Amino acid sequence: MSPVIDIRNLSARSAVGPILRDVSLSVNAGEVMALVGESGAGKSTIAKAVLGILPAGIEVTGGNIFFEGTDLLALSPARLRDMLGVRIALIPQDPLTSLNPARRIGDQLTDGLRLRAGMNRKRAFDRAMSLLNDVHIREPERVLKRYPHELSGGMRQRVLIAQAFSLNPHVIIADEPTTALDVTVQKQVLRLIRDMQREHKTTLLFVTHDLGVVAQICDRMTVLYGGKVLEQGFTAQILKNPQSPYTRALLAASPRYDQPEQSLEPVPEALIAELQREISA
Amino acid sequence: MPLSIILSRALSALLTLFGVMVVVFVLVRVVPGDPISMMIAPGATDADIAALRAHYGLDLPIWQQFWVWFKQVLQGNLGTSISMKQGVITIIAQRLPATLELAIFALIMAVIWGGFIALVSTAWRGTWVERAIDNFNGIMLAVPDFIWALTFVLVLGVLVPVLPISGRSDPSIDAGLATQFYILEGLARAKFAFVWDVLKHMLLPACALAFPLAAVIGRVLKNTMMDVMVQDYITLARIKGLSSIRILLQEALRNAAVPALALTGVQFTFLIGGTVITERIFSYPGIGNLAIDAVINRDLPLIQGLVLTFGIIFIIVNMAVDALTVWLNPRLRHA
Ligand SMILES: Nc1ncnc2c1ncn2[C@@H]1O[C@H](COP(=O)(O)OP(=O)(O)OP(=O)(O)O)[C@@H](O)[C@H]1O
Ligand SMILES: [Mg+2]
């Protein structure tokens, strides 16, 4: 089976120094791949590179990002735009800032349906209603008329999930989609993403630093540190038997999904220092 | 917006207006120059002068004069112009439409031009286009309206006379209009040749008024656009595959317009103040030009009436800005 997303030897740097070092990872159709690592590891940078929205300060210095065989890095902006939204979509991190405050939910949610799928307004709104139903929003007709500030964070994230799935993309990237939410809502939203992913058989690249989340919903995982892939494989295997000392330390530093009460160990400083040396060599 | 806020705003606007009226009323009476001495015939006796003074109520103490005048105003009477021997309200009503049409024409030009350069420099941000527009706009920002007016008169009126530089319409055309709203009524009655002539007369003074405002709108709107363009919802719109033009107009402009609007409103009141000099330079028959005549003639009732008119216009502009801000920003609508 050929991978849907195949990142090969991706390197990127900023004025300060390298940000991604020779990152390779591939995601198969219908699979959920976790991108794990602490803050600054480069998880979002990978996601942004796939979506073609790297900030001006970061430059790709080598490698390829193949999406269904096409190198996204070699595409013109116009060709890339044709793919975005329709074949690749994003569930963003912060639902509070990711919706336009000046536009009604219905108008924003139906942008893709009207402009990309060519539906008329009536059909697009009917479809939007059923999408909101799918993400368990009650009274969808009323919600479509609301402005973002009138909805809770959890509701907004459901809207954004509905929007991401609206055109049945092959790949969805979710960049820490629950970190901005209330703890009580996080679980529901996580389950929702997983259910939607299964139902639509979408390939999902899931960025997180929460190993508990990884254990719950991801088939495979990639552990990143300092822009470098440290370990890659099936989630169950890595969590049971981590090969890299960093993954082991990361596991010790996270609450066990099966034993949340166990005491936590911080990642040892000696290990961090060793990793730093290894990476900069 | 809640009613209480609207009421308190209206009240404070009225108080401001009252304060301005008091200050102007006192000022025009303490500065040197006397309306009576401007109108007496040579050889008039002191008794004649005193009689005239009493006729206009100018022999009373200032506070009594104010009280008399204020009571009149509350009854909708602004008195009689000393120099023109006509009701102040009649005179102003004659001249106000010319100024309103000029100011609104200038405002429309400024919004279109300022909005255009803001959008273009946002679309091409980080390139030479943005820098060129910034530099050009910096110059526009530094030149005041009356310099534009004098330049236009000299260059486009005298050196290369392509446009009329005086008056409001060609006196040989009699459109037979009922109101002084030449453009509105001309359009309503489909007198397009006449409207065209009026527009040609308006173009240069309107440009002189519009250029500084356009520069301010261009600068401020560009800055607020830049702030908006880095917001998450813009990035997400891009990931949804929306076109650049749609992102600018549909996603960004409305959000950027809200903070730019307040300053535009303030600047538009400056534009209305600018009509005084500009109308004079172009012999344009509006209330700005009238104000200069009124001051030259020390026509106290007319000056007071004009200040009151300008004050009311400022209040209306501010209320319009408030209303527009609420309309553009749904978060305020439900507060
Ligand atoms: N606009 C930018 N210009 C230059 N460097 C940047 C920029 N944005 C991020 N970086 C750097 O790139 C590195 C990777 O950042 P990235 O956002 O990919 O991390 P992350 O793994 O997503 O972290 P987090 O968990 O905090 O989201 C960091 O060292 C960061 O300082
Ligand atoms: Mg990140």
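This section reports on the structure supplied with the text. (Residues numbered from 1 in each chain as written. Chains lettered and ligands numbered in written order. Predicted model: local features only at pLDDT ≥ 70, side-chain atom pairs only at ≥ 80, totals over all residues. Heavy atoms only, no water.)

Thoughts on the overall build of chain B
Then, number 1: Of the regular secondary structure elements, chain B holds 14 helices and zero strands.
Then, number 2: Listing each helix as α and each strand as β along chain B from the N terminus yields α-α-α-α-α-α-α-α-α-α-α-α-α-α.
Then, number 3: Along the first, second and third principal axes, the C-alpha set of chain B runs to 85 × 55 × 40 Å.
Then, number 4: Going through the 335 residues of chain B one by one, you find that 44% of them count as buried.
Then, number 5: Taking the contacts inside chain B whose residues are at least 6 apart along the sequence as the reference set, 71% of them involve residues at least 24 apart.
Then, number 6: Carbon and sulfur atoms make up 70% of the accessible area of chain B, which amounts to about 16800 Å² in all.
Then, number 7: Across chain B, the mean location of the 22 positive side-chain charges is 9 Å away from that of the 19 negative side-chain charges. (Helix = DSSP H or I, 4+ residues; strand = E, 2+ residues; numbered from the N terminus. Buried < 20%, exposed > 50% of the residue type's maximum accessible area, 1.4 Å probe, protein only. Contact = heavy atoms within 4.5 Å. Areas by Shrake-Rupley, 256 points an atom, 1.4 Å probe, with all protein chains shown as cover. Lys, Arg positive; Asp, Glu negative; His and termini not counted. Charge placed at Lys NZ, Arg CZ, Asp CG, Glu CD.)

Here's the deal with the site of ligand 1
Residues and elements named next belong to chain A.
Then, number 1: Taken together, 14 residues sit near ligand 1, with S39, G40, K43, S44 and T45 positioned nearest.
Then, number 2: In the model, an oxygen atom of ligand 1 is placed 2.9 Å from a nitrogen or oxygen of the K43 side chain.
Then, number 3: Within the side chain of S44, an N or O atom sits 2.7 Å from an oxygen atom of ligand 1.
Then, number 4: Relative to its free-state accessible area of 640 Å², ligand 1 is covered by the protein chains to the extent of 62%.
Then, number 5: Class assignment for the residues of the shell around ligand 1 results in four nonpolar, seven polar and three charged. (Near = heavy atom within 4 Å. Polar contact = N/O pair within 3.5 Å; in protein donor to acceptor, adjacent residues only side chain to side chain. Nonpolar A, V, L, I, M, F, W, Y, C, P; charged D, E, K, R; others polar.)

Here we look at the sheet that holds strand 6 (residues 88–91) of chain A
All names here are of chain A.
Then, number 1: Taking strand neighbours across the sheet as the criterion, the six strands line up as 6-7-8-3-9-10 in an open arrangement whose pairing is mixed. Edge positions in the open sheet fall to strand 6 and strand 10 (228–234), since each of these has one partner strand only. Strand-to-strand twist across the sheet, computed as the mean angle between neighbouring axes with direction ignored, equals 15°.
Then, number 2: For strand 7 (residues 171–175) and strand 8 (residues 203–208), the ladder comprises five bridges, and the chain directions are parallel. Among the inter-strand pairings, I172 is bridged to a residue of strand 8, identified as L204.
Then, number 3: Most of the contacts of helix 8 (residues 183–200) go to strand 8, to which it runs at about 160°, and overall it touches strand 3 (32–36), strand 6 and strand 8. (Pairing = 2+ DSSP bridges. Axes fitted to C-alpha atoms, helices over the stretch in contact; angles between N-to-C directions.)

As for the environment of K85 of chain B
All names here are of chain B.
Then, number 1: Tracing the backbone shows K85 in the loop between helix 4 (62–74) and helix 5 (88–123).
Then, number 2: Residue K85 is classed as exposed on the basis of its relative accessible area, which comes to 54%.
Then, number 3: Remark: the alpha-carbon pair of K85 and F116, spanning 31 residues in sequence, is separated by 47 Å.
Then, number 4: Discounting chain neighbours no more than four positions away, the residues touching K85 are M39 and T80.

Things to note about the layout of surface pockets
Then, number 1: The volume enclosed by the largest pocket comes to roughly 860 Å³.
Then, number 2: Together, 28 residues line the largest pocket, and G52, I53, L54 and P77 of chain A together with R238 of chain B are the ones closest to its centre.
Then, number 3: Sorting the residues of the lining of the largest pocket by element identifies helix 1 (43–51) and helix 2 (77–83) of chain A together with helix 10 (232–239) and helix 11 (244–281) of chain B as the ones contributing at least two each.
Then, number 4: The leading source of residues in the lining of the largest pocket is helix 2 of chain A, at four residues.
Then, number 5: Its residues assigned to classes, the lining of the largest pocket comprises 20 nonpolar, five polar and three charged.
Then, number 6: Empty space within the second largest pocket amounts to approximately 710 Å³.
Then, number 7: Considering each element in turn, the lining of the second largest pocket owes the most residues, ten residues, to helix 13 (residues 300–328) of chain B.
Then, number 8: Looking at side-chain class alone, the lining of the second largest pocket contains 24 nonpolar, five polar and no charged residues. (1 Å grid on protein atoms, 1.4 Å probe; cavity = no way out; pocket = protein on both sides within 12 Å on 5 of 7 lines; lining within 4 Å. Points joined across faces, edges and corners; volume = space filled by probe spheres on them.)

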